[in-house]
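These are the residues of each chain, in order.
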Amino acid sequence: MQQLNNIFELNNISKVYERKIAISSLSLTIKKGELVALIGPSGAGKTTLLNILANVLKSESGQLLISGVLSDKYNSGKKLAKKIGIIRQQFDLVGQLPVVHNVLAGRLVEWGFLKSLLSLIFPQEKELAKKALDRVGLLDKIYEKTSNLSGGEQQRVAMARLLVQKPEVILADEPVSALDPARAEDILSMLTKLVREENETLITVLHSVEYAKKYFDRIIAMREGKVYFDLPAEKVTDKLLSDLYDLKELN
Ligand SMILES: Nc1ncnc2c1ncn2[C@@H]1O[C@H](COP(=O)(O)OP(=O)(O)OP(=O)(O)O)[C@@H](O)[C@H]1O
Ligand SMILES: [Mg+2]
């Protein structure tokens, strides 16, 4: 029954690009409610792993279970879109539209096409958007053109959209790398707080080991397509980190 708590279960997953092995026989389990930071040197396979978890990239071999169900079974993208929310580095908001529309885009999977079109003319469920924007501290920008917002503010709009979408899992690939350090920490602390409050699961690729240790429960370090270590954040030592990033030891 333990397995009911597993949101992701990977067994011997491998992914090969041409001749490059991006992920090599990787096995791991991620439980509901965990906050996981994925770290490791460039080319280690972090983005590839995230795309496999999002089920947008198929592995050559091995098995992925999402909430106990084989990943192949999720062929209607809609079901998975409700379950998994994605934060991209470039926010992927529609800059020309007001903030409120971008927030309500979190409902698109449930609304279907017609209602979504209508919402472009008259925002549906505006209260929902207001509540979400209030939680990320942006209520005063609700009718602002999204492209007028700063990078940090746009990332907060993306978070408000997630609050509206209410996914079980959030996958993020370097969500704060486009921001200055103060903004980055602001966004990360807000994101991890919201995820904890909503009882969601978060898996984030992070450049900053410092933030990984400060805001996350578990750190998975990857190197050359393998798990190099997988530890509670407080167990990650400087020695492990210098070994992880020491490129001289790669050959
Ligand atoms: N579409 C692709 N075609 C060919 N090779 C690829 C492709 N995507 C990734 N790779 C290779 O697979 C390996 C893992 O890439 P991946 O993007 O997962 O690394 P990463 O850990 O996210 O790195 P970074 O920190 O630089 O973003 C790299 O060697 C990369 O060159
Ligand atoms: Mg990457």
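Up top is the structure.
Keep in mind that this is a model prediction, so the values were computed, not measured.

What follows concerns the site of ligand 1. Contacts to ligand 1 come from Tyr-17, Lys-20, Ala-22, Pro-41, Ser-42, Gly-43, Ala-44, Gly-45, Lys-46, Thr-47, Thr-48 and Glu-174. Thr-47 is positioned such that a nitrogen or oxygen atom in its side chain is 2.8 Å from an oxygen atom of ligand 1. Here Thr-48 contributes a side-chain N or O atom positioned 2.5 Å from an oxygen atom of ligand 1. Relative to its free-state accessible area of 640 Å², ligand 1 is covered by the protein chains to the extent of 63%. For the shell around ligand 1, the secondary-structure elements that each account for two or more residues are strand 2 (20–31) and helix 1 (46–53). The greatest single-element share of the shell around ligand 1, amounting to three residues, is contributed by helix 1. Among the residues making up the shell around ligand 1, the classes are represented as four nonpolar, five polar and three charged.

For the rest of this paragraph, the subject is the side chain of Asp-243. In this fold, Asp-243 is placed in helix 9 (residues 238–245). Judged by its relative accessible area of 17%, Asp-243 falls in the buried class. Of note is the side chain of Asp-243, whose polar atom sits 2.8 Å from the side chain of Lys-239.

Judged by pairing direction, the sheet is mixed, and its six strands sit side by side in the order 6-7-8-3-9-10 without closing on themselves. Single-partner strands in this sheet number two, and they are strand 6 (84–87) and strand 10 (226–232). In this sheet, neighbouring strand axes are inclined to one another by 15° on average, regardless of whether the strands run parallel or antiparallel. By the bridge criterion, four bridges tie strand 3 (residues 35–39) to strand 8 (residues 201–205) in an arrangement that is parallel. Paired with Val-36 across the strands is Ile-203, a residue of strand 8.

The next thing to look at is unusual backbone geometry. In terms of backbone geometry, most residues other than glycine have negative phi values and most peptide bonds are trans. For Glu-18, which is not glycine, the phi torsion reads 45° and is therefore positive. As for its position among the elements, Glu-18 is in the loop between strand 1 (6–17) and strand 2. Looking at Glu-18, the relative accessible area reads 80%, which means it is exposed. For Ser-25, which is not glycine, the phi dihedral falls at a positive 40°.

Let's shift gears to the packing of helix 6 (residues 151–165) against helix 7 (residues 181–197). Remark: helix 6 packs on helix 7, axes separated minimally by 10 Å, with the N-to-C direction vectors making an angle of 10°. Viewed along their axes, helix 6 and helix 7 adopt a mutual orientation that is roughly parallel. Contacts between helix 6 and helix 7 pair Gly-152, Gln-155, Arg-156, Met-159 and Leu-163 from the former with Arg-183, Asp-186, Ile-187, Met-190, Leu-191 and Leu-194 from the latter. Across the contact of helix 6 with helix 7, the residue classes tally to six nonpolar, two polar and three charged.

The next thing to look at is the sheet that holds strand 4 (residues 61–66). The pairing of strands in a sheet happens through backbone hydrogen bonds and is either parallel or antiparallel. Taken in spatial order, the four strands line up as 2-1-4-5 in an open sheet, and their pairing is antiparallel. Across the chains shown, the open sheet's two edge strands, defined by having one partner strand only, are strand 2 and strand 5 (69–70). Sheet analysis places strand 1 next to strand 4, joined by five bridges and oriented antiparallel. Within strand 4, the residue paired with Ser-14 across the bridge is Ser-61. Where helix 1 meets the sheet, it contacts strand 1, strand 2 and strand 4, and its direction lies at approximately 125° from that of strand 1.

The rules we used
Residues numbered from 1 in each chain as written. Chains lettered and ligands numbered in written order. Predicted model: local features only at pLDDT ≥ 70, side-chain atom pairs only at ≥ 80, totals over all residues. Heavy atoms only, no water. Near = heavy atom within 4 Å. Polar contact = N/O pair within 3.5 Å; in protein donor to acceptor, adjacent residues only side chain to side chain. Areas by Shrake-Rupley, 256 points an atom, 1.4 Å probe, with all protein chains shown as cover. Helix = DSSP H or I, 4+ residues; strand = E, 2+ residues; numbered from the N terminus. Nonpolar A, V, L, I, M, F, W, Y, C, P; charged D, E, K, R; others polar. Buried < 20%, exposed > 50% of the residue type's maximum accessible area, 1.4 Å probe, protein only. Pairing = 2+ DSSP bridges. Axes fitted to C-alpha atoms, helices over the stretch in contact; angles between N-to-C directions. Parallel < 35°, antiparallel > 145°, perpendicular 65-115°, else oblique. Contact = heavy atoms within 4.5 Å.

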